[in-house]
Amino acid sequence: MSSSAPKLSLAEANRKYFDHIHDSYDEKPWFAKVNQLVTNDLRDRLDWVGIPFANTGSSSDAKDVRLLDYACGTGLLSRIYAPYVTVTRGIDVSPNMVATFNDRARATELPESTIHAVVGDLFDKANPSPAQFSGPEWKDFDLAAAGFAFHHFEDVVHAAKCLKERLRPGGALVINDFLEGGDLKADENGEPILGTEGNHAVHHHHKHGDGEDEKKHDNDQHHHHKHGHHDKNDHDNDTVRQNLNASIVTPHFTIEHVRNFFTEAGLVDVDVVTMKERVYMEFGGVKLWRTILFAKGRRPMEEKSEL
Ligand SMILES: C[S@@+](CC[C@H](N)C(=O)[O-])C[C@H]1O[C@@H](n2cnc3c(N)ncnc32)[C@H](O)[C@@H]1O
């Protein structure tokens, strides 16, 4: 980005990046593998979420279960929970991601009343109660889920709080994201390079500190700067990477950081776990293995809605 380019807000940077890549977002074979592993893991831990689901065969099954898939993208979390919920609503800041979500939902022949996504942003502090989301359709969810999304949010406590507000008392928030120190570099063939444990997904100029105080990061520090990438072939990857980095605030989370911001947001029964095996991913042309974490927390039973 040239210094004269107008500075995008974080939500705008996200819209720009994800609008641009929506076609290819989850088409790569490595991505399908990541999504399969996340699917297996989350479906194995339905009980862990702590709410009754539908169609699990358990005597505690619920008849109606409503899911809010926030920052839904093309709908990974919606697909994961689809068998066990009865209504899904998606929200994403990127119109192209929402269009892809809805194309795929239509292909399942489920009606819009069952599954549908819209463009929106629940975290805009200049517009804290968007009229678009004031109806009952957008409240009292049993489950809110945000997949690979919290690393894009400026203020994670605010984000968790806004999502908690959309839950019924006792409803749960589930997220997945990336573990601090959980990356491993990969070689040209994608093979892990042992001994490279660390944070390799996003290049920083400034240190992030201990990860506990990341609410007000200036997004500028996440812009990619050239590091001797003079090869012309690197140019495309460099541009994608720049846009990717501009959309990311917190590339990695410690378990403690997630536990703290869930708790600070007023969630209870909080738990944060990691996947045992690293997963292979590519970011703006960079090959690496990453560790995925899952977190859950519930809205207290006794809490009244402020919406
Ligand atoms: C890495 S993708 C993940 C998509 C999907 N949840 C998944 O698990 O595959 C992150 C998504 O977050 C969306 N996003 C970023 N900031 C947002 C915000 N403030 N509100 C809503 N969506 C946002 C982006 O547009 C993008 O679709």
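Before reading on, note that the structure itself is shown above.
We now turn to the structure provided with this report. (Residues numbered from 1 in each chain as written. Predicted model: local features only at pLDDT ≥ 70, side-chain atom pairs only at ≥ 80, totals over all residues. Heavy atoms only, no water.)

## Structural notes on the sheet that holds strand β8 (residues 279–283)
Working step 1: The strand order β6-β9-β8 describes an open sheet built from three strands, whose pairing is antiparallel. A single partner strand is all that each edge strand has here, and the edge strands are β6 (184–185) and β8.
Working step 2: By the bridge criterion, five bridges tie β8 to strand β9 (residues 286–290) in an arrangement that is antiparallel. Bridge assignment links Val279 to a residue of β9, and that residue is Arg290. (Pairing = 2+ DSSP bridges. Helix = DSSP H or I, 4+ residues; strand = E, 2+ residues; numbered from the N terminus.)

## Considering the site of the ligand
Working step 1: By nearness alone, 20 residues border the ligand, and Tyr25, Tyr70, Ala71, Asp92 and Gly147 come closest of all.
Working step 2: At 2.8 Å from a nitrogen atom of the ligand is found a main-chain nitrogen or oxygen belonging to Ala71.
Working step 3: Taking Asp121, its side chain carries an N or O atom lying 3.4 Å from a nitrogen atom of the ligand.
Working step 4: Within the complex, 96% of the 600 Å² of free accessible area of the ligand lies under protein.
Working step 5: For the ligand, the cavity whose grid points lie within 2 Å of the majority of its atoms is the largest pocket.
Working step 6: Counting only elements with at least two residues in the shell around the ligand, the list comes to α1 (10–21) and α4 (76–81).
Working step 7: Tallied by class, the residues present in the shell around the ligand amount to 12 nonpolar, six polar and two charged. (Near = heavy atom within 4 Å. Polar contact = N/O pair within 3.5 Å; in protein donor to acceptor, adjacent residues only side chain to side chain. Areas by Shrake-Rupley, 256 points an atom, 1.4 Å probe, with all protein chains shown as cover. 1 Å grid on protein atoms, 1.4 Å probe; cavity = no way out; pocket = protein on both sides within 12 Å on 5 of 7 lines; lining within 4 Å. Sits in = over half its atoms within 2 Å of the grid points. Nonpolar A, V, L, I, M, F, W, Y, C, P; charged D, E, K, R; others polar.)

## Looking at the side chain of Thr196
Working step 1: Relative to the assigned elements, Thr196 resides in the loop between β6 and α7 (234–247).
Working step 2: When its relative accessible area of 16% is taken as the criterion, Thr196 is described as buried. (Buried < 20%, exposed > 50% of the residue type's maximum accessible area, 1.4 Å probe, protein only.)

## What to know about the layout of surface pockets
Working step 1: Space inside the largest pocket adds up to approximately 790 Å³.
Working step 2: The wall of the largest pocket is formed by 42 residues, among which Asn14, Val93, Phe123, His152 and Phe153 lie closest to the centre.
Working step 3: Counting only elements with at least two residues in the lining of the largest pocket, the list comes to α1, α2 (29–44), β1 (66–70), α4 and β2 (87–92).
Working step 4: Here the lining of the largest pocket is composed, by residue class, of 19 nonpolar, 11 polar and 12 charged. (Points joined across faces, edges and corners; volume = space filled by probe spheres on them.)

## Thoughts on the nonpolar core
Working step 1: Val38, Val49, Phe53, Tyr81, Leu143 and Ile292 are the most contacted members of the largest nonpolar core, which has 43 residues in total.
Working step 2: Of all the secondary structure elements, the ones that give two or more residues to this core are α1, α2, α3 (46–49), α4, β4 (141–147), β5 (167–178), β8 and β10 (292–298).
Working step 3: A total of five residues in this core trace back to one element, the largest contributor, which is α2.
Working step 4: In contact with Leu143, not counting residues within four places along its chain, are Val49, Ile51, Phe53, Arg66, Leu67, Leu68, Tyr81, Leu167, Ala172 and Val174.
Working step 5: Listed in part, the 34 residues of the second largest apolar core include Ile91, Phe133, Val272 and Ala295. (Core = buried A, V, L, I, M, F, W, Y, C linked by side-chain atoms within 4.5 Å. Contact = heavy atoms within 4.5 Å.)

## Here we look at the pairing of β1
Working step 1: Most of β1 is tucked away: five of the five residues are buried.
Working step 2: Neither face of β1 is left uncovered, since the one carrying Arg66, Leu68 and Tyr70 and the one carrying Leu67 and Asp69 both have all their residues buried.
Working step 3: In this structure, β1 lies alongside β2, joined through five bridges in parallel fashion. Across the sheet, the residue bridging to Tyr70 is Ile91, located in β2.
Working step 4: Looking at chain direction, β1 and β4 are connected through three bridges and run parallel.

## What to know about the environment of Thr239
Working step 1: Relative to the helices and strands, Thr239 resides in helix α7.
Working step 2: Given a relative accessible area of 34%, Thr239 falls into the partly exposed group.
Working step 3: In sequence terms Thr239 and Gly284 are 45 residues apart; their C-alpha atoms lie 8.1 Å from each other.

## So, the packing of aromatic side chains
Working step 1: Scanning the model with the defined rule gives 17 aromatic pairs in all.
Working step 2: Their ring planes at 45° and their centres at 4.7 Å tell us that Tyr70 and Phe123 sit as a pair that is tilted. Here the residue Tyr70 occupies a position in strand β1, and Phe123 occupies one in the loop between β3 (115–119) and β4, the gap between them amounting to 53 residues.
Working step 3: In this structure an aromatic cluster arises from ring pairing among Tyr70, Phe123, Phe150, Phe153, Phe253, Phe261 and Phe262.
Working step 4: In this structure, Arg66 packs its charged tip against the face of Phe141, placed 4.5 Å from the ring centre.
Working step 5: When the ring centre of Phe178 is taken as origin, the NZ or CZ atom of Arg290, which lies over that ring, is 3.7 Å away. (Phe/Tyr/Trp six-rings, centres within 6.5 Å; stacked < 30°, edge-to-face > 60°. Lys NZ or Arg CZ within 6 Å of the ring centre and 35° of its normal.)

## Quick notes on the pattern of salt bridges
Working step 1: Here the structure, examined in full by the defined rule, presents nine salt bridges.
Working step 2: Residue Asp142 is joined to Arg168 by a salt bridge in which the shortest nitrogen-to-oxygen separation is 2.6 Å. Here Asp142 is found in strand β4, whereas its partner Arg168 is found in strand β5, with 26 residues between them in sequence.
Working step 3: Linked by salt bridges that have partners in common, Asp26, Arg79 and Arg104 make up one network. (Salt bridge = Lys/Arg side-chain N within 4 Å of Asp/Glu carboxyl O.)

## Description of unusual backbone geometry
Peptide bonds are trans in most cases, and residues, glycine excluded, mostly fall at negative phi.
Working step 1: Even without being glycine, Glu109 reaches a positive phi, approximately 65°.
Working step 2: Relative to the helices and strands, Glu109 is located in the loop between α5 (95–107) and β3.
Working step 3: On the basis of relative accessible area, Glu109 is assigned to the exposed category, the value being 72%.
Working step 4: One non-glycine residue with positive phi stands out, namely Phe148, at about 45°.

Without other data, these values stay purely geometric and don't point to any function.
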